[in-house]
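# Breakdown of the fold
Here is what each chain is made of, one letter per residue.
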Amino acid sequence: MSRERLYRSEAIVLRRQDFGEADRLLTLFTPGLGKIRVIAKGARKPRSRKAGHIESFMRTKMLFARGRNLDLVTQAELVEPYRPLREDLVRVTYASHAVELLDRFTAENDAHPELYHLLAEALGWLAETRDLLLTTRYYELRLLSLTGFQPQLFQCVGCGRVVEPQDQYFSTELGGVLCPDCLPADPRRQPISLGALKTLRYLQTRPYSAVGALRVRRSLHDELETVMHNYLQHQLERRLQSADFLKRLRREHVSVTN
Ligand SMILES: [Zn+2]
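These lines cover the structure that appears in this document, whether it is placed above or below. What you are looking at is a predicted structure, and each value in this text was computed from that prediction instead of being measured.

### A few points about the overall build of the protein chain
Secondary structure assignment for the protein chain yields 6 helices and 8 strands. Sequence-ordered secondary structure for the protein chain, helices as α and strands as β, is β-β-β-β-β-α-α-α-α-β-β-β-α-α. Looking at the 258 residues of the protein chain, the share that counts as buried comes to 45%. In the protein chain, the proportion of contacts linking residues at least 24 apart, taken out of those at least 6 apart, comes to 56%. A total accessible area of about 14,600 Å² is found for the protein chain, and carbon and sulfur atoms account for 49% of it.

Given below as structure tokens:
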């Protein structure tokens, strides 16, 4: 099978690490190749023409050359710098959270164009939004939906019945709302307020353009953040465990067949 030596792709920089004397190891997210790791040669030299184009969160068009182990970035052309994400320390934090989350929910070389589109849009939203918390919650819910980890907010995760919009319970463990009849299903479930449940449902089902209409009190923001933080942590731990399990399975399979 012959492979072209050069190839092009748009890419968003998820992570940068120093590599060797003057190079950088970049973790990129691309529409057609998913997450890839490449080397930017000489990117840390002060006068490198490439260096200015290869910063975190930037959306660029890149030309790559196949390498023996890792491929190399040979050209980078800026598409969208998301400038406010670089100049505003608070926005930087939220953008970092957005790319880190995507990084942790994706495996390498697994193409997901919709996820790329979401990240590109979300960085634009985070550069402009007046409510960073709400925009972040919206992004988290979209990310979870696109990766197949969405919380169940409309039916009870215990019995499957439709859950009325009233004060209810949320089970991080079972992945969604729990009706009063099913409380014993998860001893660690937490109450969730009507406001929080309604807001999460709204964010999970509306386009981003509808988010600007919401005004959310600080206490509700705090509750939403706690619910989502616990949920994301739990899903990531499960994901890591299943990735380990798959790896182990593969190793065992290899040792059996060899
Ligand atoms: Zn139930």
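### Examining unusual backbone geometry
Its identity is not glycine, yet Phe 57 carries a phi of approximately 70°, on the positive side. Relative to the assigned elements, Phe 57 resides in the loop between β3 (34-40) and β4 (59-65). Even without being a glycine, Asn 109 presents a positive backbone phi close to 55°. You can see Asn 109 is positioned in the loop between α2 (89-105) and α3 (113-128).

### Describing the pairing of strand β1 (residues 6-19)
Direction of pairing for β1 relative to β4: antiparallel, over a ladder of 7 bridges. Considered in β4, the bridge of Tyr 7 is made with Phe 64. Here β1 runs beside strand β2 (residues 23-30); their pairing, made up of 7 bridges, is antiparallel. For Phe 19, the partnering residue across the bridge sits in β2 and is Asp 23. The antiparallel hairpin formed by β1 and β2 contains 3 residues in its connecting segment, where Gly 20 sits at a positive phi of about 60°.

### What about helix α5 (residues 194-205)?
Given a rise of 1.5 Å per residue, 12 residues ought to cover 16 Å, and the 17 Å separating the end C-alpha atoms of α5 matches this to within 8%. Listed as buried for α5 are Ala 196, Leu 197, Thr 199, Leu 200, Arg 201, Tyr 202, Leu 203 and Gln 204.

### Some details on the pattern of salt bridges
Under the counting rule described, the total for this entry stands at 15 salt bridges. Across the pair Arg 37 and Glu 108 runs a salt bridge, and its minimum N-O distance is 3.3 Å. Taken together, the residues Arg 37 in strand β3 and Glu 108 in the loop between α2 and α3 connect sequence positions 71 residues apart. On the basis of relative accessibility, which here comes to 34%, the residue Arg 37 falls in the partly exposed class. Judged by its relative accessible area of 40%, Glu 108 is partly exposed. Notably, a salt bridge pairs Arg 137 with Glu 225, separated by 3.8 Å at the nearest N-O pair. Residue Arg 137 is found in helix α4 (residues 132-146), and its partner Glu 225 is found in helix α6 (residues 218-257); the two are separated by 88 residues along the sequence. Exposure remark for Glu 225: the relative accessible area of 32% places this residue in the partly exposed category. Linked through salt bridges whose partners overlap, the residues forming this network are Arg 15, Lys 35 and Asp 103.

### Digging into the packing of aromatic side chains
Enumeration according to the criterion identifies 7 aromatic pairs in this entry. Centre to centre, the rings of Trp 125 and Tyr 138 are 5.5 Å apart; their planes meet at 75°, and the pair counts as edge-to-face. Linking Trp 125 in helix α3 with Tyr 138 in helix α4, this pair joins segments that are 13 residues apart in sequence. Both residues of the pair, Trp 125 and Tyr 138, count as buried. Sitting over the ring of Tyr 169, Arg 189 keeps its end group 5.9 Å from the ring centre.

### Let's talk about the coordination of the zinc ion
Here the zinc ion is held by Cys 156 (SG), Cys 159 (SG), Cys 179 (SG) and Cys 182 (SG), and the distances to it run 2.3 to 2.4 Å. Taken together, the 4 donor atoms coordinating the zinc ion span angles of 106 to 113° at the metal, a pattern that classifies the geometry as tetrahedral. With a relative accessible area of 4%, Cys 156 lands in the buried category. In this structure Cys 179 comes out as buried when scored by relative accessible area, which is 9%.

What counts as what
- Residues numbered from 1 in each chain as written.
- Predicted model: local features only at pLDDT ≥ 70, side-chain atom pairs only at ≥ 80, totals over all residues.
- Heavy atoms only, no water.
- Helix = DSSP H or I, 4+ residues; strand = E, 2+ residues; numbered from the N terminus.
- Buried < 20%, exposed > 50% of the residue type's maximum accessible area, 1.4 Å probe, protein only.
- Contact = heavy atoms within 4.5 Å.
- Areas by Shrake-Rupley, 256 points an atom, 1.4 Å probe, with all protein chains shown as cover.
- Pairing = 2+ DSSP bridges.
- Expected span 1.5 Å × (residues − 1).
- Salt bridge = Lys/Arg side-chain N within 4 Å of Asp/Glu carboxyl O.
- Phe/Tyr/Trp six-rings, centres within 6.5 Å; stacked < 30°, edge-to-face > 60°.
- Lys NZ or Arg CZ within 6 Å of the ring centre and 35° of its normal.
- Donors = N, O, S within 2.8 Å, 3.2 Å for Na, K, Ca; no water.
- Tetrahedral: all angles 85-135°; square planar, octahedral: opposite > 155°, others 65-115°.

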